[in-house]
Amino acid sequence: MNPAISVSALTKRYGDIEAVRGIDFEVAAGETFGFLGPNGAGKSTTIKILCTLADPTSGTARVAGHDVIKERDTVRRNIGLVFQDTTLDNYLTGEQNLRFHADLYGVPKAAFGPRLRQVLEMVGLWDRRESAVSTYSGGMQRRLEIARGLLHAPRVLFLDEPTVGLDPQTRVSIWEYINELKNREDITIFLTTHYMDEAENCDRIAIIDHGKIVAIDTPEALKASIGKDRVQISTADDPAAIRALAEVFGLDAGVHEGLVTFSVESGEQFVPRLFARLPVAIQSVSVSRPSLDDVFMSYTGKTIRDAEASIGDRNRRIATRFARR
Amino acid sequence: MATKDMSAEGALETEERNLTELIRVAVPERSIRADLRAVSIVWRRELIRFRSDRLRAITSLVQPVLFLFILGTGLSRLAARGMPPGVDFQTFIYPGVLAMSVLFTAIFSAASIVWDREFGFLREMLVAPVRRWAIVIGKCLGGATVATIQGIIFLALAGVAHVPYDPVLLLTLVGELLLLSFTLTAFGVMMAARIKQIQAFMALTQMFVLPLFFLSGALYPLSGLPSWLTVLTRIDPLTYIVDPMRHAVFDHLAVSPRALDALSPGVTWNGWVVPLGLSLAMVAAMGLAMLGVAIAEFRKTE
């Protein structure tokens, strides 16, 4: 079976900035594939290229068997898109929005009625189809967009940060819908996220940082590759604690999210030794099994929140620079 | 939980049937028919939105009504001395004010593109597997239709300005309104392709609208003007639609040839009277040219 998406040596430059720096990957048909990385890592740029919304600087990408540059229209017919920002007409009803989409995508008229019902029932909006979209909550709007993305039965569905800006409860329910549609529709899903917990829903994940893929595998395999538990301690004197950890235990620790963080095998058994032999007072300690966060950290040297904070810092610096002018 | 499972099971059968049936939903190859269907839905969306926005229909009638009844009545006594017997000042300005009634609506319906961009809906249209021209033409036709409907509402007031309800006259005027609305919407869409902020769009189009109206000869005859004003009126595209409209109205009034000469002298270029057909053709050509620019602009984006 041909892969649903295949990308090779893909790059994208915006002036001096290299947003995507040579990535290769394949997504099998029927797979749910996640792009995980901090904001600004190149996720959105990649998704834009795959959706034919931006041309790559070099390299090739094929979606549903078609080249994204040479066969742009064929690609567009075969994909469904749900963007980060809403793209609904608030003045129209849910059904009118979907009808608009059906006409633009040339969905056969006879198929529209049953298909409309199918996708709206899937996202639980069939009863609300005649209400104006402006009366929908944020979660309902996102669900309507997912229904719309599916309306023309695309072979690949792109979800760019499908749950960003939603409250935790709504995020969970959106994922229930996505998981359900995986079972019901014969579809490949490509999504981007910077939420670690959401990436766990994917069959496979690519971790992307600074425009490069640093790891690509199933969530389980990625976590198993770390093997170690993560220990975080808060101490009276962090630099002294880091020095002591290196001297006494030969551990390479760093400060992440304000806590001294390091990885060891069998974390629970290590903690008593830690208290016994560390010369610095420990105020609290936590041990956790490897999560995708640790995977991210082991490949990029930082947690995803650190990465975003540094982007935030950079933006703040830029903002202050402009403010001073 | 139990109910959910049950309903899922019950739905499974139909689901499977639908699935196999719907896999063949596969969107057809690009064709002119698909593009025309896109034109049609973009056009219909404008109508749906117009229908749900009755306030707009009413508020945009306020300005022409003010011009016709307040300004028209107020100035009519003053203007009476210059008017040939048997012709009202209101009747004289009616065709110009009628043109004005579509002026705002047509240009501002193009503003919806700027809104669509701001609210993201434009993206939904631009990523669809249809040609860009289909979307731009749908938008222009939609704006033209909405503006013409607006004009037709104002046309209902013709009797108050002593303009007869003659079917031929009404049809002629509706046709001319449609042409005018299309050209104006094309102008608006062309501007909207470039201008990304709604405030800037409003400010810029406002800047155009009033000079267009005042220079068009909507409120005064085009003969015997100072030469600088003569030149400016001849440059104003609106002149070339107001003149045929006024011509149509005066054709259906019982007025002396002398009065006709004084009030509806036609557009002249250095003494040569521009034929009505040429006037209309120029407006149409301008509309098509701006439509072309608008399509080219939208092809470039994303």
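Residues numbered from 1 in each chain as written. Chains lettered and ligands numbered in written order. Predicted model: local features only at pLDDT ≥ 70, side-chain atom pairs only at ≥ 80, totals over all residues.

Looking only at helices and strands, chain A has 12 helices and 14 strands in total. Considering only C-alpha atoms, chain A reaches an extent of 75 × 55 × 45 Å along its principal axes. Buried residues in chain A amount to 44% of all 325 residues. For chain A, restricting intrachain contacts to residue pairs at least 6 apart in sequence, the fraction spanning at least 24 positions comes to 70%. (Helix = DSSP H or I, 4+ residues; strand = E, 2+ residues; numbered from the N terminus. Buried ≥ 20, exposed ≤ 12 C-beta atoms within 10 Å, placed from the backbone. Contact = placed C-beta atoms within 7 Å.)

For chain B, the count of helices and strands is 12 helices and two strands. For chain B, the N- to C-terminal ordering of α and β elements is α-α-α-α-α-α-α-α-α-α-α-β-β-α. Long-range contacts, defined as pairs at least 24 residues apart, comprise 83% of the intrachain contacts of chain B with a sequence gap of at least 6.

Next up on the list: the nonpolar core. Membership of the largest hydrophobic core comes to 146 residues, with the highest contact counts inside it found for Leu50, Ala147 and Phe158 of chain A together with Ala99, Val189 and Ala294 of chain B. It is helix 4 (residues 89-118) of chain B that contributes the most residues to this core, 17 residues altogether. Among the domains, domain 1 (5-218) and domain 2 (223-315) of chain A are the pair contributing at least three residues each to this core. For Leu50 of chain A, the residues in contact, after removing those within four places along its chain, are Ile5, Ala61, Val63, Val68, Phe158 and Phe190 of chain A. Counting eight residues, the second-largest nonpolar core is a separate cluster that includes Ala241, Leu245, Ala253 and Phe262 of chain A. (Core = buried A, V, L, I, M, F, W, Y, C linked by C-beta atoms within 7 Å. Domains from an automatic or database assignment.)

Now for the domain arrangement of chain A. Residues and elements named next belong to chain A. Along its sequence, chain A is carved into domain 1 (5-218) and domain 2 (223-315). Distance from the C-alpha centre of domain 1 to the C-alpha centre of domain 2: 35 Å. Contacts between the two partners involve 12 residues from domain 1, matched on the other side by 11 residues from domain 2. Of all the secondary structure elements, the ones that give two or more residues to the side of domain 1 that touches domain 2 are helix 7 (196-199), strand 9 (204-209) and strand 10 (212-217). Classifying every residue of the side of domain 1 that touches domain 2 by side-chain character gives seven nonpolar, three polar and two charged. (Nonpolar A, V, L, I, M, F, W, Y, C, P; charged D, E, K, R; others polar.)

In this complex, chain B contributes 28 residues to the contact, which on the side of chain A involves 31 residues. Breaking the side of chain B that touches chain A down by element, the ones donating at least two residues are helix 1 (2-23), helix 2 (32-51) and helix 5 (121-126) of chain B. In terms of residues, the side of chain B that touches chain A owes the most to one element, helix 2 of chain B, which gives seven residues.

Turning next to the sheet that holds strand 6 (residues 79-82) of chain A. Residues and elements named next belong to chain A. The mixed open sheet is built from six strands, whose spatial order is 6-7-8-3-9-10. Of all the strands in the sheet, just strand 6 and strand 10 have a single pairing partner and so form its edges. Averaged over all pairs of adjacent strands, the angle between their axes in this sheet comes to 15°, without regard to strand direction. Pairing analysis gives five bridges linking strand 3 (residues 32-36) to strand 8 (residues 188-193), with the strands arranged parallel. Within strand 8, the residue paired with Phe33 across the bridge is Phe190. The strands touched by helix 5 (residues 138-151) within the sheet are strand 6 and strand 7 (156-160), with strand 6 carrying the most contacts at an inclination of about 165°. (Pairing = 2+ DSSP bridges. Axes fitted to C-alpha atoms, helices over the stretch in contact; angles between N-to-C directions.)

Another point: the sheet that holds strand 12 (residues 254-256) of chain A. Residues and elements named next belong to chain A. The strand order 12-13-11-14 describes an open sheet built from four strands, whose pairing is antiparallel. Sheet topology places strand 12 and strand 14 (282-288) at the edges, where each strand pairs with a single neighbour. Between one strand axis and the next, the sheet turns by 35° as a mean value, whatever way the strands run. Across the face of the sheet, helix 9 (residues 238-249) comes into contact with strand 11 (229-235), strand 12 and strand 13 (259-264) while running at roughly 15° to strand 13.

Residues and elements named next belong to chain A. Neither face of strand 6 is open: one carries Ile79 and Leu81, the other Gly80 and Val82, and all of them are buried. Pairing geometry for strand 6 and strand 7, over four bridges, is parallel. Its bridge partner being in strand 7, Leu81 is matched across the sheet by Phe158.

Residue and element names in this part refer to chain A. Burial within helix 1 (residues 43-50) is extensive, with seven of its eight residues counted as buried. Along helix 1, the residues classified as buried are Lys43, Thr45, Thr46, Ile47, Lys48, Ile49 and Leu50. Of the residues flanking the end of helix 1, it is Thr52, one or two places downstream, whose phi is positive at about 65°.

All names here are of chain B. Their axes nearest at 8 Å, the elements helix 4 and helix 6 (residues 132-155) cross at an angle of 150°. One way to sum up the angle between helix 4 and helix 6 is to call them roughly antiparallel. Helix-helix and strand crossings are classified by hand; for helix 4 and helix 6 the assignment is right-handed. Facing Leu98, Ser101, Val102, Thr105, Ala106, Ser109, Ala110 and Ile113 of helix 4, the residues of helix 6 in contact are Lys139, Gly143, Ala144, Val146, Ala147, Thr148, Gln150, Gly151, Phe154 and Leu155. When the residues that make up the contact of helix 4 with helix 6 are grouped by side-chain class, the tally is 10 nonpolar, seven polar and one charged. (Parallel < 35°, antiparallel > 145°, perpendicular 65-115°, else oblique. Left-handed = near helix turned anticlockwise from the far one by under 90°.)

Looking now at the packing of helix 4 of chain B against helix 7 (residues 167-194) of chain B. All names here are of chain B. Running from amino to carboxyl end, helix 4 crosses helix 7 at an angle of 35°, the nearest separation of the two axes being 8 Å. Remark: the crossing between helix 4 and helix 7 carries right-handed chirality. Residues Leu98, Ala99, Val102, Leu103, Ala106, Ile107, Ser109, Ala110, Ala111, Ile113 and Val114 of helix 4 pack against Leu173, Leu177, Leu180, Ser181, Leu184, Thr185, Phe187, Gly188, Val189, Met191 and Ala192 of helix 7. Grouping the amino acids of the contact of helix 4 with helix 7 by side-chain chemistry returns 18 nonpolar, four polar and no charged.

In this section: the environment of Phe270 of chain A. Residues and elements named next belong to chain A. Mapped onto the fold, Phe270 is located in helix 10 (residues 267-277). Each C-alpha atom of the pair Phe270 and Leu98 lies 57 Å from the other, and the pair is 172 residues apart in sequence. Beyond its immediate chain neighbours, meaning those up to four positions away, Phe270 contacts Val231 and Val264.

The residue Ala153 of chain A is not glycine, and still its phi comes out positive at about 50°. As for its placement among the helices and strands, Ala153 of chain A is situated in the loop between helix 5 and strand 7. With a phi angle near 60°, His162 of chain B is a residue other than glycine that sits in the positive phi range. The exposure class of His162 of chain B is partly exposed, given the 14 C-beta atoms found within 10 Å.

Considering every residue of chain B, the mean pLDDT works out to 86; 90% of them sit at 70 or more. Low pLDDT, under 50, characterises residues 1-24 of chain B; the stretch is placed with nine contacts to residues that sit more than four places away or in other chains. (pLDDT = per-residue confidence, 0-100.)

Residues and elements named next belong to chain B. Position of Gly188 among the secondary structure elements: in helix 7. Exposure remark for Gly188: the 28 C-beta atoms within 10 Å place this residue in the buried category. For the pair Gly188 and Ala110, spaced 78 residues apart in sequence, the C-alpha separation works out to 5.0 Å.

With that out of the way, let us pick up helix 5 of chain A. Residue and element names in this part refer to chain A. Taking 1.5 Å of rise per residue, the 14 residues of helix 5 would be expected to cover 20 Å, and the 20 Å separating its terminal C-alpha atoms lies within 8% of that figure. Residues of helix 5 that are buried include every one of Gln141, Arg142, Arg143, Leu144, Glu145, Ile146, Ala147, Arg148, Gly149, Leu150 and Leu151, and no others. Buried residues along helix 5 sit in contact with strand 6, helix 3 (94-104), helix 4 (109-122), strand 7 and helix 6 (168-184). (Expected span 1.5 Å × (residues − 1).)

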